[in-house]
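If you want the building blocks of each chain, they are given just below.
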Amino acid sequence: MTENVWTTWPSREALLHEGVSRPRRLLAHAVRLMVFGTLLWGAFSSSSLHGWGSVLAAVGLLAALCVAWAYFRTTLAHRLWPSLALVAVLLVIAAVAESVGFGVPARVIWCGCAVVALERMPVAAALPVTSVALASYAVVSDDAWLTTVATVTGLALAGYVLRLDAEARGSAQRLLAQERAARAAEAESAALAERARIAREIHDVLAHSLSAQMVHLEAARLLIERDADRQQILDRVVAARGMARDGLAETRQALSALRGDLTPLEDFLAQLVDTAEGAAEVTITGERRPLPAEASQAVRRVAQEALTNARRHAPGARVRVRLDYGAREVMLDVRDSGGPPGEATGTGGGYGLLGMRERAELLGGSLRAGPGEEGFVVTLKVPV
């Protein structure tokens, strides 16, 4: 909706003079002091002042200053009728001052009212005020008519220029406030996303480890209740301990990843292959480069899961791991040569291919897992 330029107030940011540089603030203070000094000089330099006349001049000057202060406050609050009433009082004070012989203070007040009305009020209300103030000044001015016209025109232009400058500054302040709010919202959104990522990482690491420990401990409890062989119970407890150790190690690794303290992906895959049971090899193709933290984590998790599945379901099979750095994506391909089926009840350190597929989709990638020509194939593609 387009604002009506005739009835729209200058913004509070413009009226408060926010964003004004220090030199301009000093200049504004100097102008105010000069105006105040002119009023004092005009009020007390007349030789006709004596006794009660001086007192009345001081009271009139103080009243004008109080009314001017109130006018600035009411315009800041965008109160039209009180502002008009106060500026009318100032015009009357100037007329009274002129009638009793205080010409300089009267003309200063008239000129000031003309300028500040254009600067601080809606144009429709400021134009009549400015017209009355400048007409009053022109009537009592003893300068040449051309000089008077130039002065009146200059004052009107000065008031309008000050208004435009204040509105531009106010718009800049509003844009700055909006930008700060947007940055704060963006930072909050990033913090929430980071919390969600941390929660997902910790969940992926701990959920499987704790559930596997529960299985082993529950089995150990049942064996104890049945007075089973001591070695069987010990095997279950040792397996649960191994799950806890592996979960702790992988939790530390996940926290290191969140801090950005990770070993290079190529070194990680080489270590993973070296510690894998059976024959395994890793091949790196493409131009090696650092990956974003979440993409790197996805590759690591899928590699762990695929090797774990190969160990569980095809023990002794040969596993080939290939990492390919493409121009727009990185691809991890893990395939085994097949072998005798492993124990379906075995537990590994992975987190489930379903969870890995969801992780890949969150990154805009994909994960395919299924039988290949010889054994099982897991292929992850992540855009980078």
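Below you will find a few notes about this structure. (Residues numbered from 1 in each chain as written. Predicted model: local features only at pLDDT ≥ 70, side-chain atom pairs only at ≥ 80, totals over all residues. Heavy atoms only, no water.)

Points about the overall build of the chain
A count of helices and strands for the chain gives eleven helices and five strands. Of all 384 residues assigned to the chain, the portion counted as buried reaches 35%. Restricting the contact set of the chain to residue pairs at least 6 apart, pairs at least 24 apart contribute 69%. Carbon and sulfur atoms form 62% of the exposed surface of the chain, whose accessible area is close to 22100 Å². (Helix = DSSP H or I, 4+ residues; strand = E, 2+ residues; numbered from the N terminus. Buried < 20%, exposed > 50% of the residue type's maximum accessible area, 1.4 Å probe, protein only. Contact = heavy atoms within 4.5 Å. Areas by Shrake-Rupley, 256 points an atom, 1.4 Å probe, with all protein chains shown as cover.)

Section: the packing of helix 4 (residues 80-99) against helix 6 (residues 123-140)
Orientation of helix 4 relative to helix 6, taken along the N-to-C sense of each, is 5°, at an axis distance of 11 Å. One way to sum up the angle between helix 4 and helix 6 is to call them roughly parallel. Residues L80, L84, V87, L91 and E98 of helix 4 form the contact with helix 6, whose own contacting residues are A125, V129, V132, A133 and V140. A class-by-class count of the residues in the contact of helix 4 with helix 6 yields nine nonpolar, no polar and one charged. (Axes fitted to C-alpha atoms, helices over the stretch in contact; angles between N-to-C directions. Parallel < 35°, antiparallel > 145°, perpendicular 65-115°, else oblique. Nonpolar A, V, L, I, M, F, W, Y, C, P; charged D, E, K, R; others polar.)

Things to note about the sheet that holds strand 1 (residues 280-286)
Reading across from one edge, 1-2-3-5-4 is the order of the five strands in this open sheet, with mixed pairing throughout. Here the strands that pair on one side only, and so sit at the sheet edges, are strand 1 and strand 4 (366-371). Strand-to-strand twist across the sheet, computed as the mean angle between neighbouring axes with direction ignored, equals 10°. Sheet topology places strand 1 next to strand 2 (residues 319-325); seven bridges connect them, and they run parallel. Its bridge partner being in strand 2, V282 is matched across the sheet by V321. Its contacts with the sheet place helix 9 (residues 265-275) against strand 1 and strand 2, and it is angled at close to 165° to strand 1. (Pairing = 2+ DSSP bridges.)

A short note on the pattern of salt bridges
Applying the stated criterion across every chain, the model contains eight salt bridges. Between E179 and R183 there is a salt bridge; the shortest N-O distance is 2.6 Å. Taken together, the residues E179 and R183, both in helix 7 (residues 145-225) and four residues apart, mark about one turn of the helix. Overall, the relative accessible area of 37% leaves E179 in the partly exposed class. (Salt bridge = Lys/Arg side-chain N within 4 Å of Asp/Glu carboxyl O.)

Description of the pairing of strand 3 (residues 329-336)
For a regular strand, side-chain orientation follows a simple rule: the groups alternate between the two sheet faces. Most of strand 3 is tucked away, with six of its eight residues classed as buried. Sheet topology places strand 2 next to strand 3; seven bridges connect them, and they run antiparallel. Looking at the pairing, V319 lines up with D336 of strand 3. What sits between the antiparallel neighbours strand 2 and strand 3 is a turn of three residues.

Comments concerning the packing of aromatic side chains
In this structure the tally under the stated criterion is one aromatic pair. With 6.0 Å between their ring centres and 90° between their planes, Y71 and F72 make a pair best called edge-to-face. Since its relative accessible area comes to 34%, F72 is described here as partly exposed. If you follow R300 out to its NZ or CZ, it ends over the ring of F268, 5.0 Å from the centre. (Phe/Tyr/Trp six-rings, centres within 6.5 Å; stacked < 30°, edge-to-face > 60°. Lys NZ or Arg CZ within 6 Å of the ring centre and 35° of its normal.)

Description of a nonpolar patch on the surface
There is a patch of nonpolar side chains on the surface, built from V5, W6 and L127 and spanning about 320 Å² of accessible area. Inspection of the secondary structure assignment puts W6 in the segment before helix 1 (12-15). Overall, the relative accessible area of 48% leaves W6 in the partly exposed class. (Patch = residues over 30% accessible without salt bridge, like charges linked within 9 Å, V, L, I, M, F, W, Y side chains within 5 Å.)

Side note on unusual backbone geometry
The bulk of non-glycine residues show a negative phi, and the bulk of peptide bonds are trans. Located in the positive-phi region is H78, a residue other than glycine, with phi close to 60°. Among the structural elements, H78 can be located in the loop between helix 3 (52-76) and helix 4. Of note, the phi angle at D227 is positive, near 55°, even though the residue is not glycine. Assignment of secondary structure puts D227 in the loop between helix 7 and helix 8 (230-258).

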